[in-house]
Amino acid sequence: MPEADNHFLDLAAPGVRALQPYQPGKPVTELEREFGICNAIKLASNENPFGPAPAAIAAGTAALQGIARYPEGSGHALVARLAEKHDIPTTCITLGNGSNDVLDLVTRVFLTPQHEAVFSRHAFAVYPISVQAVGATARVAAAHDGSRGPAWGHDLDAMRALVGDDTRVVFIANPNNPTGTWLTAAELEGFIADLPAHVMVVVDEAYFEYVGMADYPDASRWLDKYPNLIVTRTFSKAYGLAGLRVGYALSHPGVAGLLNRVRQPFNVNLVAQAAALAALDDDEHLTECVRRNHAGMQQLVDGFAKLELSHIESAGNFVCVDTGRPGQDVYRALLQEGVIVRPVDNYEMPNHLRVTVGRADENARFLAALAKVLA
Ligand SMILES: *Cc1c(COP(=O)(O)O)cnc(C)c1O
């Protein structure tokens, strides 16, 4: 229906009126249906191509027997296990239906139409959606141009300059999606220490487990020092449970208490709780996935060099490559080859494509298809 004919638009909350829905990566089944092909591959949503720990699938499958009942609303067993893992009281943990759910809880607790949130240009797309949905104002800081920090990455000085009396939340993705850029312990802690007490800072560590850089911080270690800090983590990426939707926040108990007030009862389902709990017990699987991701990243980067394409150095399980032409065109040409990646023009990166590191065979197939469509 054309927007002009949608009379319900006038009834929608002001923030919602201007909102564009989140564009997820194209599912394999959809591409195969549209193009009448099979064996398509998807390197578009930063999922773990090696899947979750086998014990997580077993635990989730077993939990299906109990789905006539509501899960424990508090997620007791999972919360207790996470508290142990992070060496933090259980009262500091808020479970979410994916970490996006937690980000949404934060905006609903701390933002109103009178308030502002600060984040960087090219930052994760859920921040503007969540902020706008509650009618708050997004203040978007210019990203680094490459002269003082990694090009496309968060410029913390530019972000700090946008923080004012009405700012209630700052979002920082470390590393950031889609750029893959990351902040060091020294620069990130310096930024957090300098924030006024009325500003909550969310450090989104969705890709934490993948990061191998020596100066990359675990921001959750700073929770005692900075009560306005909220750290988010997820089971969707390295733990391979994207389809189940489990994430969580680590914060001051006072903040967790507020998040809990707006959290829907049973926001994390029974199967997801069981699988996430089991996933935490297989460090070996996690380590192996991370190792294979690093090898796959090298495979992609070597492939880009051969094609004389530049890329943005990434700490995650994905990488942005500069195709030297409109990424949408290359994206569509790759679809014809049965390869789904992510155009990022909606992130103001018109010539880049974001590619998730896949299995070795998937990476090879993507690189061959890319060489073909660019030729
Ligand atoms: C993928 C991603 C998330 C989280 O997703 P959930 O599946 O909702 O946990 C959060 N932040 C960033 C930066 C991401 O890329």
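Every value quoted in this text rests on a predicted model; they were computed, and no experiment measured them.

Enquirer: Whenever I open this one, the sheet that holds strand β12 (residues 342-343) confuses me. Can you help?
Expert: Whenever strands of a sheet pair, they do so through backbone hydrogen bonds, lying parallel or antiparallel. The sheet built from four strands is open, its strands ordered β9-β10-β13-β12 with antiparallel pairing. Since the sheet does not close on itself, it has two edges, and those belong to β9 (311-312) and β12, each with one partner. In this sheet, strand β13 (residues 352-356) lies alongside β12 in antiparallel orientation, the contact comprising two bridges. Looking at the pairing, Arg342 lines up with Arg354 of β13.

Enquirer: Just to check I follow, could you spell out the layout of surface pockets for this structure?
Expert: To find the voids left in a structure, one rolls a probe of water-molecule size over its atoms. Here the largest pocket defines a volume of roughly 560 Å³. Lining the largest pocket are 28 residues, with Tyr22, Asn100, Phe124, Lys237 and Arg245 sitting closest to its centre. Elements with a contribution of two residues or more to the lining of the largest pocket: α5 (99-110) and α6 (126-133). Element by element, the count of residues in the lining of the largest pocket is highest for α5, at three residues. Considering only residue class, the lining of the largest pocket consists of eleven nonpolar, ten polar and seven charged. Residues from two domains meet in the lining of the largest pocket; each of domain 1 (24-51 + 284-374) and domain 2 (54-279) gives at least three. Taken as a whole, the second largest pocket spans an internal volume of roughly 410 Å³. Forming the walls of the second largest pocket are 21 residues, and the residues nearest its centre are Ala125, Pro128, Ile129, Asn346 and Tyr347. At the level of secondary structure, the elements contributing two or more residues to the lining of the second largest pocket comprise β3 (116-120), α6 and β4 (137-141).

Enquirer: What is the right way to look at empty space enclosed by the protein in this model?
Expert: Scanning all chains against the criterion turns up two cavities of 30 Å³ or more. Volume-wise, the largest cavity comes out at about 60 Å³. For the largest cavity, the full set of lining residues is His144, Pro150, Gly153, His154, Ala173, Asn174, Asn176, Thr181, Trp182, Leu183 and Glu187. Partitioned by chemical class, the residues of the lining of the largest cavity number four nonpolar, six polar and one charged. Estimates place the volume of the second largest cavity at around 30 Å³. Lining the second largest cavity are Pro52, Ala53, Ala238, Tyr239, Ala279, Asp282, His285 and Leu286. Its residues assigned to classes, the lining of the second largest cavity comprises six nonpolar, one polar and one charged.

Enquirer: Looking at this structure, I do not really get the pattern of salt bridges. What am I missing?
Expert: When the charged atoms of two side chains lie near each other, side chains of opposite charge can form a pair. Using the criterion set out here, one finds 19 salt bridges in the structure. Glu47 serves as the salt-bridge partner of Lys42, at 3.1 Å between the closest nitrogen and oxygen. Since its relative accessible area comes to 29%, Glu47 is described here as partly exposed. Its salt-bridge partner being Glu337, residue Lys372 comes within 3.1 Å of it at the nearest N-O pair. Within this pair, whereas Lys372 is found in helix α13 (residues 360-374), its partner Glu337 is found in the loop between α12 (327-336) and β11 (339-340), the two being separated by 35 residues in sequence. Owing to a relative accessible area of 53%, Lys372 belongs among the exposed residues under this scheme. Salt bridges here are not isolated pairs; linked through shared partners, they connect Glu205, Asp218, Arg221 and Arg233.

Enquirer: So what exactly am I meant to see when it comes to the environment of Val271 here?
Expert: Relative to the assigned elements, Val271 resides in helix α10 (residues 270-279). For the pair formed by Val271 and Gln299, sequence separation is 28 residues and the distance between their alpha carbons is 35 Å. Leave out the neighbours within four places in its chain, and Val271 touches Gly60, Ala63, Leu64, Ile67 and Leu244.

Enquirer: I tried to follow the packing of aromatic side chains on my own but got confused; where do I start?
Expert: What the rule picks out here adds up to nine aromatic pairs. Arranged with centres 5.1 Å apart and planes meeting at 45°, the rings of Phe235 and Tyr239 form a pair that is tilted. On the basis of relative accessibility, which here comes to 1%, the residue Phe235 falls in the buried class. A network of ring pairs unites the aromatic residues Phe119, Phe124, Tyr127 and Phe171 as a single cluster. Its end group placed over the ring of Phe208, Arg233 keeps NZ or CZ at 3.7 Å from the ring centre. The residue whose ring lies beneath Arg354 is Phe318, and the NZ or CZ to ring-centre distance is 6.0 Å.

Enquirer: Where do I start with the packing of α12 against α13 in this structure?
Expert: If you want to describe how two helices pack, look at the angle between their axes and the distance between the axes. Orientation of α12 relative to α13, taken along the N-to-C sense of each, is 120°, at an axis distance of 10 Å. Taken together, α12 and α13 sit at an angle that is classed as oblique. Considering how the two elements wind past one another, α12 and α13 form a crossing that is right-handed. Contacts from Val330, Ala333 and Leu334 of α12 reach α13 at Phe366, Ala369, Leu370, Val373 and Leu374.

Enquirer: Mind showing me how you'd approach the sheet that holds β4 here?
Expert: What the seven strands build is an open sheet, ordered β2-β8-β7-β6-β5-β3-β4; its pairing is mixed. Sheet topology places β2 (93-96) and β4 at the edges, where each strand pairs with a single neighbour. Averaged over all neighbouring strand pairs, the angle between strand axes comes to 20°, with direction disregarded. Sheet topology note: the strand β5 (residues 167-173)/strand β6 (residues 200-204) ladder contains five bridges and is parallel. Residue pairing across strands places Val170 opposite Val201, the latter belonging to β6.

Conventions adopted
Residues numbered from 1 in each chain as written. Predicted model: local features only at pLDDT ≥ 70, side-chain atom pairs only at ≥ 80, totals over all residues. Heavy atoms only, no water. Pairing = 2+ DSSP bridges. Helix = DSSP H or I, 4+ residues; strand = E, 2+ residues; numbered from the N terminus. 1 Å grid on protein atoms, 1.4 Å probe; cavity = no way out; pocket = protein on both sides within 12 Å on 5 of 7 lines; lining within 4 Å. Points joined across faces, edges and corners; volume = space filled by probe spheres on them. Nonpolar A, V, L, I, M, F, W, Y, C, P; charged D, E, K, R; others polar. Domains from an automatic or database assignment. Salt bridge = Lys/Arg side-chain N within 4 Å of Asp/Glu carboxyl O. Buried < 20%, exposed > 50% of the residue type's maximum accessible area, 1.4 Å probe, protein only. Contact = heavy atoms within 4.5 Å. Phe/Tyr/Trp six-rings, centres within 6.5 Å; stacked < 30°, edge-to-face > 60°. Lys NZ or Arg CZ within 6 Å of the ring centre and 35° of its normal. Axes fitted to C-alpha atoms, helices over the stretch in contact; angles between N-to-C directions. Parallel < 35°, antiparallel > 145°, perpendicular 65-115°, else oblique. Left-handed = near helix turned anticlockwise from the far one by under 90°.

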